[in-house]
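One-letter residues, chain by chain:
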Amino acid sequence: MKFVAGRLVQMVLVVLSVTLLAFAALNFLGDPLFNILGPIADEASGPEFDEVRAQARADFNLDEPFLVRYGLWLGDMAQGDFGRSFANGTTVSSEISRQLPVTIQLMIYAQLLSVLISVPWALWSASRANRFVDKASTVVSFGMLGIPVFALAVVVFWLFAVRFDIFPTRFDDETIRTRLVSMFLPAMVLAVPLIATYQRLLRTDLISTLQEDFISVARAKGLPRWRVLVRHALRPSLFSMLTVFGIQTGALIGGSLIVESYFAVPGIGAGVVEAIIRDDFPVVLAVVVVVTVIFVIVNFLVDLLYSFLDPRVQFDG
Amino acid sequence: MLKTQSRWLAILLALAVIATACGGGSTDDAQSESGDTTEADDSSGDDDSGGDSDGDDSGGNVDESADGSDVASADDGADVQTGGELRIALQTEADTLNPTNTPLNRAPTLIATAIFDTLVVIDAEGQWQNNLSESWTPNDDFTSWDMTLREGITFSDGEPFNAAAVVATVDAFFSDPLTSLVFAPAFDAETPVELIDDLTVRFNASTPNAQLPTYFAEQIGMIGSPAWLAARNDDPSLDQMPIGAGPFVIEERVQDRSTVLVRNENYWNPDQAAILDRIELFTDSEGQADSTVSSLLAGDIDLLHLTDATPILQLRDEGDAITRIEDQSGEEFIMLMNATIAPFDDIRVREAATAAFPQSAYAEFITQGSADSAQTLFSADTPWHNPDLVQLGDQPELAGPLVESYCADVPEQCTDGRVDIEYQHDISDELTRMATLVGDSWSEFFNITLDVVPNDQHITQVTLGAYDTATWRYHGFSDPDVDSIFLSCNTIGALSINFSRNCNPERDALIAQQRASTDFDERYAIWTDIQQNLIDSFHYIVVEHTNWVVAADPAVGGICDATTPDGIALPCQNGGVVRLPQLFLTN
Amino acid sequence: MADASTIDGSTAFEVIDEPAPPSVARQLGLGFWLSSAFVVLVVALALLAPILPIADPDQTAIGGRLEGPRPGLWFGADSTGRDVLSLTIWGSRISLLVGFIAIVIGFSIGGTVGIAAGYFRGLFDKVVSFIFVTLLSFPALILAILITTLLGRTVLWVSVSLGVLAIAPVGRLARAQTLVFAEREFVTAARILGASDRRILVKELLPNVVIPMSALALLGMGIAIVAEGTLAFLAISVEDGFSWGRQIQDAGSSVRDLEEGPHAALFPIGVLFLTVLSLNYAGDRIRDVFDAKELQL
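Keep in mind that what you see is a predicted model, and the values were worked out from it rather than measured.

## Section: the overall build of chain A
On a plain count of helices and strands, chain A comes out with 13 helices and zero strands. In chain A, the succession of helices and strands from N to C terminus is α-α-α-α-α-α-α-α-α-α-α-α-α. The buried share of chain A, taken over its 317 residues, is 43%. Considering only contacts within chain A whose residues lie at least 6 apart along the sequence, 69% involve residues at least 24 apart.

Encoded structure:
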């Protein structure tokens, strides 16, 4: 259990440094008042805005030393007060609590799709290792890993929503069914690199497991091949999929910015892209923090799970 | 803690009487146009016709119904079904729905009209008509107007709709730094409004103004319940839940998302009470206009309004499968040139930019026939249109000598024989394409630095005059006299409503002259001179008449059924604003 | 460990007579050479763009709106009538430039710090490792966005932000690599013989760590190009530069445009995809041939 404590300390340190970095970026890169107010931060824009400038200085504690400001900001964050959006004055926390569930649903959807597709595919190619099917699979998965998510999004959208009118061109959350249908393409685009990653990993793992003694024994006992594969080979191999799961969460977060913006899914990714384009810093900062915390926690949980499943694992964190 | 500051940004944002161009393409969204103050479209009626007397002879604008050109498959009037719920997709949103402190662009105007109604309306012929008012009586020189209200009107909260209520709203309007900016110049600075008796109010104009009642077809004619106005001073969140005397009341509102209206059960005029029970209006901030069209076709929404070329063409492709009403009498899409700073302070540079502007390429690649390309502020949908007026364009050969002579005089503004300029626009795919086209045509004469900024910054910078040339969309009022605030010297300041900051005393004199006139033909002639003056001073490049298109499921009826309480027909739509009470659903 | 000279295909071994292991060139396989040729072609076109006989990429109305491919306008026209082929070639310049600068930054900083950490160990190593963990804890795209938003959307800053992203993964690998080699006999021997740290680092470790890692640079370049494309696609990359991502976003974001002229999006997508695939494949092959296990990729 020592490593759990170590990992926890590390996690807190990481969150602190990430927030410090993000906050410092906002404060030291350029004039913070300009970052907050835009062009009217400049005295030259006229005395009409003196009051605004003074108010903003007070609101953001700009006259305090940096570390004090950081502490105040962190305190607000910890209490769930992320400030207000520059763009429309709504509280950032209400925006995030509206958007985050959509993003999480999208990610779970993508993970489900990728597991549902990659596992049978890996079983199939592993059972025919180095035969045509397997070699073709390797080429295909290589291609899937290489295609940029945004390019894939455009191709998939063009093909399945425009050229062949199979899926709607628009997010629709009227009912659960329409939500699932309209989220299929975005989820699939997110899933494609995952599928390839899982397939490659599982396939390699399965092939090496298949060479181990207990498989030969099982086979000798005359069990059908698929049963050997599923019962004896797959189970230990699923374990290694878990390791990449955490890492893939990061890729998914990046991918969600793209697919949410492109497919107009009202999640946190689309929200943050819009905030960036509008220089809406409270929103950007909040999303950076929230997403990073989630990312760190997911990785921590994966590590934890991993260590329970495999006691040999030692962490040097 | 961010409250104060975001309120100020909101103000600046709103400041846009305006809002940049070309509608809600992909990324631009909710706020994107929360500029646009403005109101009803041109196609104005010139003067009074309403209750009172006076110069009713003037006539003018006969045909030219404001509902504009194209009406596809109008409703059949068939079986009117009482009750029901309608879903409407709007293009933009406003920060608040309080007309006294937020400039309302087209979409919020649609909502606010249903909640407040206006004192005056512009009819299908383009004339102003009494609505909540009963009559307007001017004095001899049109410097003051007495307005009498109809009897028996109440607000939806039960408060009486009387002269005191009108004065309270108008006072609130003029005490707001922002909304007053737009209309204050037309009213007497000391006492813009006086209470005469329980139902009579006197408005004092700053100069002889025969068009004053038309102002009250705009936002300033939306009168709020005094109890609500007083309460909102303590609780600004009530700006989102306004109370008026209109046929609908607001039930629920999530800013930038959706607004729910339900029938006003206490409506003062039983003959014209709302037919539908409930209307949900939403702004799909992440959505694209063309996917909004898909939603209409799929039956997910019942009615929408939009201005983008692509979805307009898509709607036209649908033919009679949907009801479609187009209206180009409203706003114009314009290239502003800042006349107060170099290089556009020099008329040669403005003329060169205008001459080299790619009018025909713009029509071919951007508009694609979805709207008429523009020469002046007035489209053929308005009575003020004069086909003889033509601005420069598509003549790059004229630009060369002008730039050459300018650069010889002012070398510090030029590099390699080309004028250095900054071209500002806000973020949207269509504006990016436009910048590509214009950049290609101008690159021979100008070194262009593109400045692509978020919508709110764009509005702030243009209003502050911190730009060289920028895209803009405005001029959507119902009478050109109201639009003239954008052209006058007295609206230039630190914050300018005359966005291109082009002051021309000769033009101001013409504006004052038409303002005092009650004769349409005379006003038409003066406006021809004003437009010629705009063309000759290269005030700006008018690029396109915005085509507001309203489209609806064929099951939606009553779009063209609206009338005044006196039974005078109103346009089907007016710059995207549909009147909601007469809408119904057929089976 | 492979000899340095063999990285360069042209000086590959000539194998005589005996059925010894096949030449490196052959080991790399036809696919490697095809992908390399493609990358070389793309880079050459990018470099030569100003003197190629192609249309000015800014010139509009060369073709009609979204006009399809035809002789003379091989990739068709985009929504403002520009030549898609010319745009694709000119667009590659920013994509490749940003990818290249990012990788140079990532490898020079990440590599140096990683090697130093692996060699000197101790507190420095602990601090560096923690910084790497922190950097890796940022979701990559978010970090890039944060940097470009605040510093400005110029070629330099976009490259820097993507370079910063490369520091941690490259640095970790360099550190791990160094740890492996620092224990090797030749390093121990050099140490016993009294060689200075500096000499050991430069003479012994550098070639053994850096050169094999150069295969990674190809993979990294592919990743950086995709990352730039992603930023451009989200309209937050180089402000007035036209890169593949921007081109794809421009042509691929409206239903009607895709309906009318998908070619304007699909051509640059195809070229981008082939470029990234080629870089990945070439990198993979080099890694496979030159001792993948020790690189622990």
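## Some points on the overall build of chain C
When helices and strands are counted, chain C shows eleven helices and zero strands. N-terminal to C-terminal, the α/β element order of chain C is α-α-α-α-α-α-α-α-α-α-α. Here chain C, with 297 residues, has 53% of them falling under the buried criterion. The long-range fraction of contacts in chain C, counting pairs at least 24 apart against all pairs at least 6 apart in sequence, stands at 69%.

## Re the interface of chain A and chain C
At the interface, 34 residues of chain A touch 34 residues of chain C. Sorting the residues of the side of chain A that touches chain C by element identifies α1 (2-28), α6 (132-146), α7 (149-163), α11 (225-263), α12 (268-277) and α13 (281-309) of chain A as the ones contributing at least two each. Residues of the side of chain A that touches chain C, tallied by class, amount to 25 nonpolar, nine polar and no charged.

## Brief notes about the interface of chain C and chain B
Frequently, the measure chosen for interface size is the accessible area that the parts lose on association. Between chain C and chain B, the contact holds 15 residues from the first and 19 residues from the second. In terms of residue class, the side of chain C that touches chain B is built from three nonpolar, seven polar and five charged.

## Remarks on the packing of helix α5 (residues 92-127) of chain A against helix α9 (residues 184-210) of chain A
All names here are of chain A. Running from N to C, α5 and α9 cross one another at 35°; their axes reach a closest spacing of 7 Å. As α5 runs across α9, the sense of the crossing is right-handed. Residue composition of the contact of α5 with α9, by class: 23 nonpolar, five polar and one charged.

## Observations concerning the confidence of the model for chain C
Residue and element names in this part refer to chain C. Summing up the model confidence of chain C, the mean pLDDT is 82 and the portion of residues at 70 or higher is 89%. Confidence drops under pLDDT 50 across residues 1-16; counting only partners more than four residues distant or on other chains, this segment forms 20 contacts. A low-confidence stretch, residues 292-297 stays under pLDDT 50, and its non-local contacts, those more than four residues away or across chains, total eight contacts.

## Considering helix α12 (residues 429-442) of chain B
With 14 residues, α12 of chain B should reach 20 Å at 1.5 Å per residue; the first-to-last C-alpha distance of 20 Å fits that figure. The inward-facing, buried residues of α12 of chain B abut α9 (347-355), α10 (359-367), α11 (396-409), β16 (418-426), β17 (446-453) and β18 (469-474) of chain B.

## Topic: α9 of chain B
Residues and elements named next belong to chain B. Buried residues dominate α9, accounting for eight of its nine residues. Every buried residue of α9 is listed here: Arg-348, Val-349, Arg-350, Glu-351, Ala-352, Ala-353, Thr-354 and Ala-355. Contact partners of the buried residues in α9: β14 (332-337), α11, β16, α12, β18 and β19 (540-545).

## Points about the pairing of strand β11 (residues 278-283) of chain B
All names here are of chain B. Burial along β11 is one-sided: the face carrying Ile-279, Leu-281 and Thr-283 is buried and the face carrying Arg-278, Glu-280 and Phe-282 is not. For strand β10 (residues 258-263) and β11, the ladder comprises five bridges, and the chain directions are antiparallel. Within the sheet, the bridge partner assigned to Val-260 lies in β11 and is Glu-280.

## Describing the pairing of strand β9 (residues 248-254) of chain B
Residue and element names in this part refer to chain B. When β9 meets β10, the two strands line up antiparallel, connected through six bridges. Within β10, the residue paired with Val-254 across the bridge is Ser-258. Linkage of β9 to β10, two consecutive antiparallel strands, is achieved through a turn of three residues, within which Asp-256 is found at a positive phi near 70°.

## Notes on the sheet that holds strand β5 (residues 133-138) of chain B
Residue and element names in this part refer to chain B. What the four strands build is an open sheet, ordered β5-β6-β8-β7; its pairing is antiparallel. Of all strands in the sheet, those bounded by a partner on one side alone are β5 and β7 (193-197). Each adjacent strand pair in this sheet contributes to an overall mean axis angle of 25°, direction not counted. Where strand β6 (residues 144-149) lies against strand β8 (residues 200-204), five bridges are found, and the strand directions are antiparallel. Bridge assignment links Trp-145 to a residue of β8, and that residue is Phe-203.

## Concerning the nonpolar core
Considering soluble globular proteins, one finds that nonpolar side chains tend to be buried as a cluster. Among the nonpolar cores identified, the biggest contains 166 residues, and Ala-153, Val-154 and Val-189 of chain A together with Ala-144 and Ala-224 of chain C are the most heavily contacted of them. Take this core: its biggest share by element is 18 residues, from helix α7 (residues 197-233) of chain C. Excluding its chain neighbours within four sequence positions, the residues that come into contact with Val-189 of chain A are Val-149, Leu-152, Ala-153, Val-156 and Val-259 of chain A. Ile-153, Ala-172, Ala-186 and Ala-352 of chain B belong to the second largest nonpolar core, which has 163 residues in total.

## Points about unusual backbone geometry
A cis amide bond, omega 5°, links Ala-342 of chain B with the succeeding residue Pro-343 of chain B. Here Pro-343 of chain B lies in the loop between β14 and α9. Even without being a glycine, Phe-538 of chain B presents a positive backbone phi close to 50°. Inspection of the secondary structure puts Phe-538 of chain B in the loop between α16 (520-536) and β19. Phi is positive for Leu-66 of chain C, close to 55°, though the residue is something other than glycine. For Leu-66 of chain C, the position within the fold is in the loop between α1 (24-48) and α2 (84-120). Residue class for Leu-66 of chain C comes out buried when judged on the 23 C-beta atoms lying within 10 Å of it.

## Notes on the packing of α7 of chain A against helix α8 (residues 244-252) of chain C
Axis separation between α7 of chain A and α8 of chain C bottoms out at 11 Å; the angle between their running directions is 20°. Here α7 of chain A is positioned roughly parallel relative to α8 of chain C, judged by the angle of their axes. Where α7 of chain A crosses over α8 of chain C, the two elements pack in a sense that is left-handed. Side by side, α7 of chain A and α8 of chain C meet where Phe-150, Ala-151 and Val-154 of chain A of the first sit next to Gly-245, Ile-248 and Gly-252 of chain C of the second. Its residues placed into classes, the contact of α7 of chain A with α8 of chain C shows four nonpolar, two polar and no charged.

## Some thoughts on the environment of Ala-176 of chain C
Residue and element names in this part refer to chain C. Among the secondary structure elements, Ala-176 is positioned in helix α5 (residues 155-182). Residue class for Ala-176 comes out partly exposed when judged on the 15 C-beta atoms lying within 10 Å of it. A sequence separation of 132 residues divides Ala-176 from Ala-44, and the C-alpha atoms of the two residues are 35 Å apart.

What counts, and at which threshold
Residues numbered from 1 in each chain as written. Chains lettered and ligands numbered in written order. Predicted model: local features only at pLDDT ≥ 70, side-chain atom pairs only at ≥ 80, totals over all residues. Helix = DSSP H or I, 4+ residues; strand = E, 2+ residues; numbered from the N terminus. Buried ≥ 20, exposed ≤ 12 C-beta atoms within 10 Å, placed from the backbone. Contact = placed C-beta atoms within 7 Å. Nonpolar A, V, L, I, M, F, W, Y, C, P; charged D, E, K, R; others polar. Axes fitted to C-alpha atoms, helices over the stretch in contact; angles between N-to-C directions. Left-handed = near helix turned anticlockwise from the far one by under 90°. pLDDT = per-residue confidence, 0-100. Expected span 1.5 Å × (residues − 1). Pairing = 2+ DSSP bridges. Core = buried A, V, L, I, M, F, W, Y, C linked by C-beta atoms within 7 Å. Parallel < 35°, antiparallel > 145°, perpendicular 65-115°, else oblique.

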